[in-house]
Amino acid sequence: MDYVKPDLVLTQMIESGVRKAELSIMQLLARGFLGGAILAFATTLAFTVTAQTKLGVVGALLFPVGFVMIVLLGLELVTGSFCLIPLSVMAGKTSAGKMLNNFFWVIVGHIVGSVFYALLFYAAATNFGTITDQPVVQTIIKAAESKTIAYASKGASGWATAFIKAVLCNWMVTLGAVMALFSTSTMGKIAAMWLPILTFFAQGFEHAVVNMFVIPAGILYGANVSVADWWLWNQIPVLLGNFAGGLLFTGLFLYFVHAKKSERSARHQPAEDGFAELAVND
């Protein structure tokens, strides 16, 4: 049996947050760069198959490949850290300063990695701009506009909509990060992660790291979107919503449900029966 009990997973979540908070700036930048680029790969894959099949659910079925690669390679995804590191701060295992340091440098890495991939993808998809009607490029442009100026046209309700979509998104994304800890086998981790990631993407919720690719790429490709539109009408509310969704609905709820049980297990379970080192990169 490769299933890990939920109360034991809570301990792993806190330990994972501590490890993330202790990474150096260079590690955070490198892991964030790769995490952003790999998720951008998965996004263009999803957009490509959606354009080919005209079925959004097909793209959603394939999008989780990016998340799986990031987790199994032990890279950084700030949306997952929004759930894990705050728990470590609450447990007194790390500081708020280290938490914010992780968030900042990983976000910088995500943006650089996403824009780098956006430039390479444009060159590959359009033959350095000589193919002007590439469907995937047009899909990215439309997505960038729908994620910014469409919200701006609604004013405060548009900003609030982006925030709520981000809360719902990261409720699922952080479940994906946590559910990877429920199995000690690679296939078990992949299956567990796939479910919530598919769920969020199929419904068009707002993911901050996906948007760090889609919106800058759309701007580069000719979308009618400014950098101010990107941050004011999407990136800021989505980051805040992702943080709230991950911390409240995954981190704090699971902590509330399993904390006391976890403490009892730690007191009464023999050391050799523990799960000291799960084969997981988080």
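Residues numbered from 1 in each chain as written. Predicted model: local features only at pLDDT ≥ 70, side-chain atom pairs only at ≥ 80, totals over all residues. Heavy atoms only, no water.

**Q** Just to check I follow, could you spell out the overall build of the protein for this structure?
**A** Scanning the protein from terminus to terminus reveals twelve helices and zero strands. Written out in order from the N terminus, the α and β elements of the protein read α-α-α-α-α-α-α-α-α-α-α-α. What you see for the protein is a C-alpha radius of gyration of 19 Å, in line with the 19 Å of a compact globule of 282 residues. Seen along its three principal axes, the alpha-carbon backbone of the protein occupies a region of about 65 × 35 × 35 Å. If you take every contact in the protein between residues at least 6 apart in sequence, the share linking residues at least 24 apart comes to 83%. Across the protein, the 16 positively charged side chains and the 14 negatively charged ones have centroids separated by 5 Å. (Helix = DSSP H or I, 4+ residues; strand = E, 2+ residues; numbered from the N terminus. Rg over C-alpha atoms; globule rule 2.2 N^0.38 Å. Contact = heavy atoms within 4.5 Å. Lys, Arg positive; Asp, Glu negative; His and termini not counted. Charge placed at Lys NZ, Arg CZ, Asp CG, Glu CD.)

**Q** Before we go on, may I ask you to explain unusual backbone geometry in this structure?
**A** A positive phi angle, close to 65°, is found at Lys54, a residue other than glycine. In this fold, Lys54 is placed in the loop between α2 (25–53) and α3 (56–62). Notably, Asn127 is not glycine yet its phi reads approximately 55°, a positive angle. With respect to the helices and strands, Asn127 occurs in the loop between α6 (96–126) and α7 (135–146).

**Q** So what exactly am I meant to see when it comes to the environment of Leu73 here?
**A** In this structure, Leu73 sits in the loop between α4 (64–72) and α5 (78–90). With 41 residues separating them in the primary sequence, Leu73 and Ser114 have C-alpha atoms 18 Å apart.

**Q** What should I look at first to understand the packing of aromatic side chains in this one?
**A** The geometry of an aromatic ring pair comes down to the distance between the two centres and the angle between the two planes. Applying the stated rule across the entire model yields 17 aromatic pairs. Plain terms: the ring middles of Phe200 and Phe201 are 6.0 Å apart, the flat faces sit at 85° to each other, and that makes the pair edge-to-face. Judged on exposure class, the residue Phe200 and its partner Phe201 are both buried. A connected cluster of aromatic rings, assembled from ring pairs, spans Phe41, Tyr117, Phe121 and Phe213. (Phe/Tyr/Trp six-rings, centres within 6.5 Å; stacked < 30°, edge-to-face > 60°. Buried < 20%, exposed > 50% of the residue type's maximum accessible area, 1.4 Å probe, protein only.)

**Q** How should a nonpolar patch on the surface be read in this particular structure?
**A** On the surface, Leu45, Leu55, Val57, Leu61 and Leu62 cluster together to form a nonpolar patch covering roughly 390 Å² of accessible area. Here the nonpolar patch gets three residues from one element, more than from any other, and that element is α3. Tracing the backbone through its elements, the reader meets Val57 in helix α3. Assessed through its relative accessible area of 48%, Val57 is described here as partly exposed. (Patch = residues over 30% accessible without salt bridge, like charges linked within 9 Å, V, L, I, M, F, W, Y side chains within 5 Å. Areas by Shrake-Rupley, 256 points an atom, 1.4 Å probe, with all protein chains shown as cover. Salt bridge = Lys/Arg side-chain N within 4 Å of Asp/Glu carboxyl O.)

**Q** Please explain the nonpolar core as it appears in this structure.
**A** For soluble globular proteins, nonpolar side chains are generally found buried alongside one another. Counting 64 residues, the largest nonpolar core has Phe63, Phe67, Ile140, Phe200, Phe213 and Tyr221 as the members making the most contacts within it. Within the second largest apolar cluster, twelve residues are counted, among which are Val9, Cys83, Leu87 and Leu181. (Core = buried A, V, L, I, M, F, W, Y, C linked by side-chain atoms within 4.5 Å.)

**Q** Would you mind going over α5 with me for this structure?
**A** Three or four residues apart is the spacing at which side chains of an α-helix point the same way, because the helix has 3.6 residues per turn. The terminal C-alpha atoms of α5, which comprises 13 residues, lie 18 Å apart, in line with the 18 Å expected from a rise of 1.5 Å per residue. Of all 13 residues in α5, eleven are buried; the element is thus mostly enclosed. Residues of α5 that are buried include every one of Val78, Thr79, Gly80, Ser81, Phe82, Cys83, Leu84, Ile85, Pro86, Leu87 and Ser88, and no others. Directly beyond the C-terminal end of α5, a positive phi value near 75° is found at Gly92. (Expected span 1.5 Å × (residues − 1).)

**Q** Explain the confidence of the model for the protein here, please?
**A** Detailed reading of the predicted coordinates is not advisable wherever pLDDT is low. Summary statistics for the protein give a mean pLDDT of 91 and a share of 91% for residues scoring 70 or more. Mean pLDDT across the elements of the protein bottoms out in helix α12 (residues 227–268) (85) and peaks in helix α8 (residues 149–152) (98). Ignoring residues within four places in sequence, the model shows residues 266–282, a span with pLDDT below 50, making 27 contacts including any to other chains. (pLDDT = per-residue confidence, 0-100.)

**Q** I tried to follow the state of the cysteines on my own but got confused; where do I start?
**A** Throughout this description, disulfide means a covalent bond between two cysteine sulfur atoms. The full count for this structure, using the stated rule, is zero disulfides. Its sulfur unpaired, Cys83 is 13 Å from the next cysteine sulfur, which belongs to Cys169. Looking at Cys83, the relative accessible area reads 0%, which means it is buried. Relative accessible area serves as the criterion here: at 0%, Cys169 is assigned to the buried category. (Disulfide = S-S within 2.5 Å.)

**Q** Could you clarify how one ought to interpret the pattern of salt bridges in this entry?
**A** Working definition: two side chains of opposite charge can pair if their charged atoms are close together. Going through the model one piece at a time under the given rule, you end up with three salt bridges. With its nearest N and O atoms 3.2 Å apart, the salt bridge here joins Glu76 to Lys20. Here Lys20 lies in helix α1 (residues 6–21) and Glu76 lies in the loop between α4 and α5, a separation of 56 residues in the sequence. No difference in accessibility class separates Glu76 from Lys20, as the two residues are buried. Glu206 is the partner of Lys147 in a salt bridge, and the nearest nitrogen-oxygen pair spans 3.0 Å.

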